[in-house]
Every structure is written in C-alpha cells, then in structure tokens.
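Survey of secondary and tertiary structure
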Amino acid sequence: MVEVNFDTEFAVVRFWAKGQGVTGRRNGPKSCPKPETPGSIDWYQLDAIQLNCRAGSVFEVGLDYEVKSGWTAWEEGGEAFMCSLFEHSDGHQAAIGLRDYEWVEDNFDLAVQDAATLPSKSWAKYKAKSSAEPEFEVSLALAKSPADDMEALSPWLYVDKILKF
C-alpha cells in the first residue's frame, strides 16, 4: 500500500493505492504554476502517487477524509475531475480535487472494474491492460477570507487548474 496523509485546517485526508502485483511511491509534493483565481489562495498542495503495474494487475486508488470541527463538506464534479468542497462557519473555503476515474480509464491503459463516490470517500478499482506507471494526483487548496461568492469559488477553481490533464 502507498499512502499520503494530510492534516489540513479543514480535514484529515488520506490518499492511497493498494493492490496485487502493484508497487508504488509518493511522488510529491509537486511544484505547480500558480493559476489565477477570483480570490487569493492561502494554502495549496499538489501531490501524487506513482504506481508500477504489470499487465493484468488489479488495484484500487482512493481518497477519504474526516472533516474537522466547524467545517461542512460536500461532493461536486467537474469535467474530468471529482472535487470535495469544504466550508467553515467563519466563511473559509477549501477543496480537494482528483481526476475522475473515467478520465483515468480514457487516458491511462486501465479498465475501471468498480468505483464509488460517497460522502468523505471516493475510490476506484482498476485493471492494468498493459504494464504501466500511472501517476494519480491529488490537489488541495484553502482560502481563509473570500470577500464574495466569486472568491469563494477560488479553491474549487485552483484544485481543478493545478491537476495535469
């Protein structure tokens, strides 16, 4: 199992991969360009898990989190990515982004066997069609003081823009 953990202001986050015939490593934190968003971002991180798969290997990649006190969370989607959004009672906004499992299937030599997006847990089970080294990215962002509704979208836009598509 390869696992990356984040203890953020908004959630305790676990990004993981496991399976038979698969080895891997953390490939991050990664540098990324700072995209423009309507409001400022106070903290962000782009991280990844790099896997080594043999043809026929079956493995799972997932993300789960525990929301911290004072925060609420919900799941959203975008074109080719999944996003968990967080809001604090003080108005802080945060987001976690992952590539959508269908995008992964279309762009890596993998076949989706099963997948689920549940509150606080998303995962997908894949079968490698050939030997490969897919890289699964996760992006996180926090805005502590958005001034309006447009600035409140900044973490969602940021996690989308720093993922490599």
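Reference entry: report on the structure contained in this document. Nothing here was measured: the structure is a model prediction, and the numbers come from that model. (Residues numbered from 1 in each chain as written. Predicted model: local features only at pLDDT ≥ 70, side-chain atom pairs only at ≥ 80, totals over all residues. Heavy atoms only, no water.)

**Describing the pattern of salt bridges**
Going through the model one piece at a time under the given rule, you end up with eight salt bridges. A salt bridge links lysine 144 to glutamate 9; the nearest nitrogen and oxygen atoms lie 3.1 Å apart. One end of the pair, lysine 144, is in the loop between strand S9 (135–143) and helix H2 (149–152); the other, glutamate 9, is in the loop between strand S1 (2–7) and strand S2 (11–26), and 135 residues separate them in sequence. The class of lysine 144 is partly exposed, set by a relative accessible area of 36%. The class for glutamate 9 is partly exposed, based on a relative accessible area of 43%. (Salt bridge = Lys/Arg side-chain N within 4 Å of Asp/Glu carboxyl O. Helix = DSSP H or I, 4+ residues; strand = E, 2+ residues; numbered from the N terminus. Buried < 20%, exposed > 50% of the residue type's maximum accessible area, 1.4 Å probe, protein only.)

**Details of the nonpolar core**
Buried together is how nonpolar side chains tend to be arranged in soluble globular proteins. Judged by nonpolar contacts, the single largest core of 33 residues is most densely connected at Phe10, Phe15, Leu51, Phe59, Ile96 and Phe136. Breaking this core down by element, the ones donating at least two residues are S1, S2, strand S3 (43–67), strand S5 (81–88), strand S6 (93–99), helix H1 (101–107), strand S8 (121–128) and S9. Beyond its immediate stretch of four places on either side in the chain, phenylalanine 59 contacts Lys18, Gly19, Val22, Leu51, Cys53, Leu110, Ala124, Lys125, Tyr126 and Phe136. Core analysis: the second largest hydrophobic core is formed by 13 residues, Ile41, Leu85, Ala95 and Tyr158 among them. (Core = buried A, V, L, I, M, F, W, Y, C linked by side-chain atoms within 4.5 Å. Contact = heavy atoms within 4.5 Å.)

**Focus: the side chain of glutamine 50**
In this structure, glutamine 50 sits in strand S3. Polar contacts involving the side chain of glutamine 50 include one to the main-chain carbonyl oxygen of glutamate 133, which spans 2.5 Å. Sequence-distant contacts of glutamine 50, that is, excluding residues within four places in its chain, are made with Thr23, Gly24, Arg25, Asn27, Glu133, Pro134 and Glu135. (Polar contact = N/O pair within 3.5 Å; in protein donor to acceptor, adjacent residues only side chain to side chain.)

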